[in-house]
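# Structural overview for review
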Amino acid sequence: MKTQDEQWTSRLGFILAAAGSAIGLGAIWKFPYMVGMGGGGAFLLLFIAFTLLVGLPLLLAEFVIGRSTGKVAIPAYQEIAPKKKWYLLGYLGMVSCGILLSFYAVVGGWILLYLFKAITGQLMQPAGGYGELFNTMIANPYEAVGAHFIFILLTIIVVARGVQDGIEKSSKYLMPALFVLFLALIVRSLTLENAIEGVKFFLLPDFAKLDSKAILFALGQSFFSLSVGVSVMATYSSYLSKKESLTRSAYSIAGLNVLISLFAGLAIFPAIFSLGMEPSQGPGLLFVVLPSVFEKIPLGSMFLLMFLALFLFATLTSAFSMLEIIVANLTKGNPEQRKKWSWVWGLIIFIVGIPAALSFGIWADIKIFGLSFFDASDYLVSNILMPMGCLLIAIFVPLRMKRQVLLEELQVTTSWGKKMFVVWLMLLRYLVPFVIIIVFLNAIGIIGSK
């Protein structure tokens with residue numbers, strides 16, 4: 001069997017790159033405002049349960065698809081199920097990642113704009129407050145589209161360089177720095193006046209605040225934050241050595257994802273309640289709250305600049321994985337084609353994302369089923385395409401892959417016994433599809449009272 005020409009140099013490099021893909025905007029930007037709109041602690045509890053019982057089994061499933069074949073998504077599905085249509089799962093992942101990156105890069109552009117304002121001294125203590133600063137910035141079509149383009153450009157440049165020189169090298173050095181700075185931010189946030197009310201909101205569940213929409217969003221967030229359902233992890237695991245443990249890697253990635261989500265919540269919600277803000281204000285939550293917290297810290301402008309730089313990096317690592325799955329499937333093992341396809345599809349995704357970039361300004365009144373271009377793209381990927389991909393992967397692995405191959409892959413350098421293997425397979429075969437179908441049917445009103 002021919003293995004990938006691209007390879008991670010170490011398991012640590014793989015974990016940090018995969019964690020970077022998983023963490024990115026999912027944990028730092030999207031998770032806090034999803035918790036805010038989902039009612040706090042009950043949403044958090046559901047998110048952790050979905051991550052461990054649904055997301056983690058799916059992460060392992062994608063890992064065995066890629067590593068067992070040594071091929072990226074579409075060729076991997078074709079090898080496992082020849083002459084069948086399962087390879088369309090790879091195309092579903094490519095489409096999902098393309099749409100996801102198109103609006104994700106808009107948020108990446110916001111970070112770039114904030115970083116520029118921080119460097120030029122325009123960010124701290126704005127005249128009209130941080131809410132007005134943010135709303136004015138994202139409504140400016142030239143700033144929004146221009147920053148969106150620059151973010152896509154940075155993504156193209158790194159992905160065009162390949163796995164080791166581009167994605168792995170950048171992840172290995174900067175991911176740990178983000179954790180350290182987050183800890184400093186949490187300490188300050190927790191020492192603000194009335195911070196305990198934010199901690200209670202975030203950690204104490206109130207199930208009365210949950211409805212079917214919040215449950216669907218918690219499920220979607222568990223997929224979004226782990227990058228499962230779009231075959232990104234199948235592609236990344238195809239670059240992993242046969243000597244490395246898939247189970248340890250999956251535990252590490254899921255654990256880091258939950259940890260950074262908790263970090264984000266503990267940094268954001270105490271500050272929200274201390275500053276008298278509304279936790280359910282949506283996508284701009286992080287951009288309004290964080291500068292307000294840093295403003296109250298000695299040398300706050302310097303720390304905010306550092307945080308924005310690391311936040312930009314975390315966002316880029318996720319963007320790399322989205323473009324990587326498209327490029328990897330199109331190059332078909334020919335590294336000479338990588339640069340061309342990186343530029344072609346990067347620019348196509350930029351064009352597709354322009355309506356999302358204009359959703360908060362001149363195209364704010366244009367709606368799709370009552371949603372802006374930005375929100376419609378987010379809803380389509382997080383709550384329809386990702387769950388659909390996850391459901392199909394949960395069916396595919398037990399149905400089409402040999403039990404012995406699965407067991408061998410999951411037992412590499414790990415004392416994973418047959419009982420653990422059976423539990424994983426049962427979760428994948430029965431619980432994962434059941435949860436996805438029930439939550440989705442409830443959310444669209446076919447079952448349930450809400």
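Residues numbered from 1 in each chain as written. Predicted model: local features only at pLDDT ≥ 70, side-chain atom pairs only at ≥ 80, totals over all residues. Heavy atoms only, no water.

Of regular secondary structure, the protein possesses 17 helices and zero strands. Within the protein, buried positions represent 59% of all 450 residues. Approximately 17,500 Å² of the protein is accessible, and the part contributed by carbon and sulfur atoms is 66%. (Helix = DSSP H or I, 4+ residues; strand = E, 2+ residues; numbered from the N terminus. Buried < 20%, exposed > 50% of the residue type's maximum accessible area, 1.4 Å probe, protein only. Areas by Shrake-Rupley, 256 points an atom, 1.4 Å probe, with all protein chains shown as cover.)

Counting 153 residues, the largest nonpolar core has Leu-58, Ile-65, Phe-182, Phe-307, Phe-396, Val-397 and Trp-424 as the members making the most contacts within it. Ranked by the residues each element gives to this core, the list is headed by helix α4 (residues 88-119), at 19 residues. (Core = buried A, V, L, I, M, F, W, Y, C linked by side-chain atoms within 4.5 Å.)

Time to look at the pattern of salt bridges. Between side chains of opposite charge, a pair can form when the charged atoms approach closely. For the structure shown, the criterion picks out six salt bridges. Here Glu-409 and Arg-67 are joined by a salt bridge, their closest N and O atoms 2.5 Å apart. Of this pair, Glu-409 sits in helix α16 (residues 403-410) while Arg-67 is found in helix α2 (residues 41-69), placing the two residues 342 residues apart along the sequence. Overall, Arg-67 belongs to the buried group, its relative accessible area being 1%. One salt bridge connects Glu-79 with Lys-71, and the closest N-O pair in it is separated by 2.8 Å. In this structure Glu-79 comes out as partly exposed when scored by relative accessible area, which is 33%. (Salt bridge = Lys/Arg side-chain N within 4 Å of Asp/Glu carboxyl O.)

Only a minority of non-glycine residues have a phi that is not negative, and only a minority of peptide bonds are not trans. Positive phi, normally seen in glycine, also occurs at Lys-83, with a value near 65 degrees. A relative accessible area of 88% means that Lys-83 is categorised as exposed. Unusually for a residue other than glycine, Asn-194 sits at a positive phi of about 70 degrees. One can find Asn-194 in the loop between α7 (163-190) and α8 (195-203).

The next point concerns the layout of surface pockets. There is about 240 Å³ of room inside the second largest pocket. If you trace the second largest pocket, you find 14 residues lining it, with Ile-368, Phe-373, Ala-376, Ser-377 and Leu-380 closest to the centre. For the lining of the second largest pocket, the elements supplying multiple residues, two or more each, are α4, α14 (338-357) and α15 (373-400). The element that contributes the greatest number of residues to the lining of the second largest pocket is α15, accounting for five residues. Considered class by class, the residues forming the lining of the second largest pocket number 11 nonpolar, three polar and no charged. (1 Å grid on protein atoms, 1.4 Å probe; cavity = no way out; pocket = protein on both sides within 12 Å on 5 of 7 lines; lining within 4 Å. Points joined across faces, edges and corners; volume = space filled by probe spheres on them. Nonpolar A, V, L, I, M, F, W, Y, C, P; charged D, E, K, R; others polar.)

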